[in-house]
Amino acid sequence: MDETRLQTDFESREALANYVMAQSPWVTPAAPSPHRGGRRAAEERLAAIKPRRYGRTRNHLDGDVTRLSPYIRHGVVSLREVYERAVELVTNPERCEKFIQELAWRDYWQRVYAAHPEWIWSSIEPYKTGWSEAEYAPTLPEDVRAGETPSACINSFIHTLCDTGYLHNHARMYLASYVVHWRRVSWQAGAKWMMAQLLDGDPASNNLSWQWVASTFSRKPYIFNLENVRRYTGASIDTRTETNRELDGSYADLSSRLFPHRR
């Protein structure tokens, strides 16, 4: 048995990345994630949160989100620490109610997972889309994996996810909805793929959110339209009609197109 100890101290992040690649010759060379690990980085993020502004801007891709999810997922910081820091910054907890609600959702997903582990990869309820479970493809299309779909904004979300290991929550919802409802792919196939890309990948939050979008853990399917994407993404994302035609239309038009058998 080889008892050679791995190196733990490095003069720079680049040196660390090069060392890891040298130890993993089977991995395709790639730039390290822009997200830094460790307690110090987590504390810096925690110190910088803006819970009141979060409530007003969280749905926008350039909003004041915390980016704490990878640190929470891997136990570097706890939900209790984040909650206490948020309350510390306001005179009344009600002034950061939306921020606290999002922490509560994360805790809720974990409790559901603990109580019903069988729900993580199995539909909790039937789809409420007019399509049966058997009518959803079991594998993800190659153009989705490659970020080469007919919709430019979806491609942007895919590249961000795969290149950085992170995606804003609203963009995750758009992407999940596109995969399940526009491409009629099973939520399990989509959830498995996204989980493999995420630095904060968590079976409870990821898979139960996919089920919520799919409608197997909610009253109706979640869909969006191009106008909604424009509202929340800003100029950094290509939302031109000519490059996103399959997303263009009113909600009524899209619903009739995507769910022609839904009652």
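Higher on the page you've got the structure.
One structure accompanies this document, and this report is about it. (Residues numbered from 1 in each chain as written. Predicted model: local features only at pLDDT ≥ 70, side-chain atom pairs only at ≥ 80, totals over all residues. Heavy atoms only, no water.)

## Re the overall build of the protein
- Counting its secondary structure elements, the protein contains 13 helices and zero strands.
- The N-to-C order of helical and strand elements in the protein reads α-α-α-α-α-α-α-α-α-α-α-α-α.
- Scaling as 2.2 N^0.38, a compact globule of 263 residues should have a C-alpha radius of gyration of about 18 Å, and the protein matches this with 20 Å.
- Each of the three principal axes of the protein carries a C-alpha extent, and together these read 60 × 50 × 40 Å.
- Taken over 263 residues, the protein has a buried fraction of 41%.
- Taking the contacts inside the protein whose residues are at least 6 apart along the sequence as the reference set, 69% of them involve residues at least 24 apart.
- Taken as a whole, the protein presents about 15,000 Å² of accessible surface, with 49% of it coming from carbon and sulfur.
- For the protein, the distance from the average site of its 34 positive side-chain charges to the average site of its 32 negative ones is 6 Å. (Helix = DSSP H or I, 4+ residues; strand = E, 2+ residues; numbered from the N terminus. Rg over C-alpha atoms; globule rule 2.2 N^0.38 Å. Buried < 20%, exposed > 50% of the residue type's maximum accessible area, 1.4 Å probe, protein only. Contact = heavy atoms within 4.5 Å. Areas by Shrake-Rupley, 256 points an atom, 1.4 Å probe, with all protein chains shown as cover. Lys, Arg positive; Asp, Glu negative; His and termini not counted. Charge placed at Lys NZ, Arg CZ, Asp CG, Glu CD.)

## Focus on the state of the cysteines
- Following the criterion strictly, the structure yields zero disulfides and no others.
- Take Cys153: it sits in no disulfide, and the sulfur closest to it among the cysteines is that of Cys162, at 15 Å. (Disulfide = S-S within 2.5 Å.)

## Re the side chain of His170
- The residue His170 is located in helix H9 (residues 169–182) in this model.
- Excluding anything up to four places from it in sequence, His170 contacts Asn59, Tyr222, Asn228 and Tyr232.

## Details of the pattern of salt bridges
- Following the criterion strictly, the structure yields 13 salt bridges and no others.
- The shortest N-O distance in the salt bridge between Arg39 and Glu81 comes to 2.7 Å. One end of the pair, Arg39, is in helix H2 (residues 39–47); the other, Glu81, is in helix H5 (residues 79–88), with 42 residues separating them in the sequence.
- Residue Arg39 is classed as partly exposed on the basis of its relative accessible area of 35%.
- A salt bridge links Arg73 to Asp202, with the shortest nitrogen-to-oxygen separation between them at 3.8 Å. Here Asp202 lies in the loop between helix H10 (187–197) and helix H11 (203–214) and Arg73 lies in helix H4 (residues 69–73), a separation of 129 residues in the sequence.
- Given a relative accessible area of 30%, Arg73 falls into the partly exposed group.
- Sharing partners across several salt bridges, the network here consists of Arg39, Glu43 and Glu81. (Salt bridge = Lys/Arg side-chain N within 4 Å of Asp/Glu carboxyl O.)

## What about the environment of Val185?
- Structurally, Val185 is set in the loop between H9 and H10.
- Judged by relative accessible area, which is 1%, Val185 ranks as buried.
- In contact with Val185, other than residues within four places in its own chain, are Tyr136, Ala137, Thr139, Leu140, Pro141, Val179 and Val180.

## Considering H9
- Its 14 residues place the ends of H9 19 Å apart at the C-alpha level, agreeing with the 20 Å of an ideal helix rising 1.5 Å per residue.
- Counting buried positions along H9 gives twelve out of 14 residues, so the element sits mostly inside the fold.
- The complete set of buried residues in H9 reads His170, Ala171, Arg172, Tyr174, Leu175, Ala176, Ser177, Tyr178, Val179, Val180, His181 and Trp182.
- Of the residues trailing H9, Arg184 is marked for its positive phi of about 45 degrees. (Expected span 1.5 Å × (residues − 1).)

## Some thoughts on the nonpolar core
- Ranked by size, the top nonpolar core spans 40 residues in total, and within it Ile154, Phe157, Leu175 and Phe224 carry the most contacts.
- Every element with two or more residues in this core is listed here: helix H8 (152–164), H9, H10, H11, helix H12 (226–233) and helix H13 (251–258).
- The element that contributes the greatest number of residues to this core is H9, accounting for eight residues.
- With residues up to four places along the chain from it excluded, the contact list for Ile154 reads Thr149, Tyr174, Leu175, Tyr178, Phe224 and Leu247.
- Counting residues in each nonpolar core, the second largest holds 15 residues, with Tyr54, Tyr71, Ile72 and Val82 among its members. (Core = buried A, V, L, I, M, F, W, Y, C linked by side-chain atoms within 4.5 Å.)

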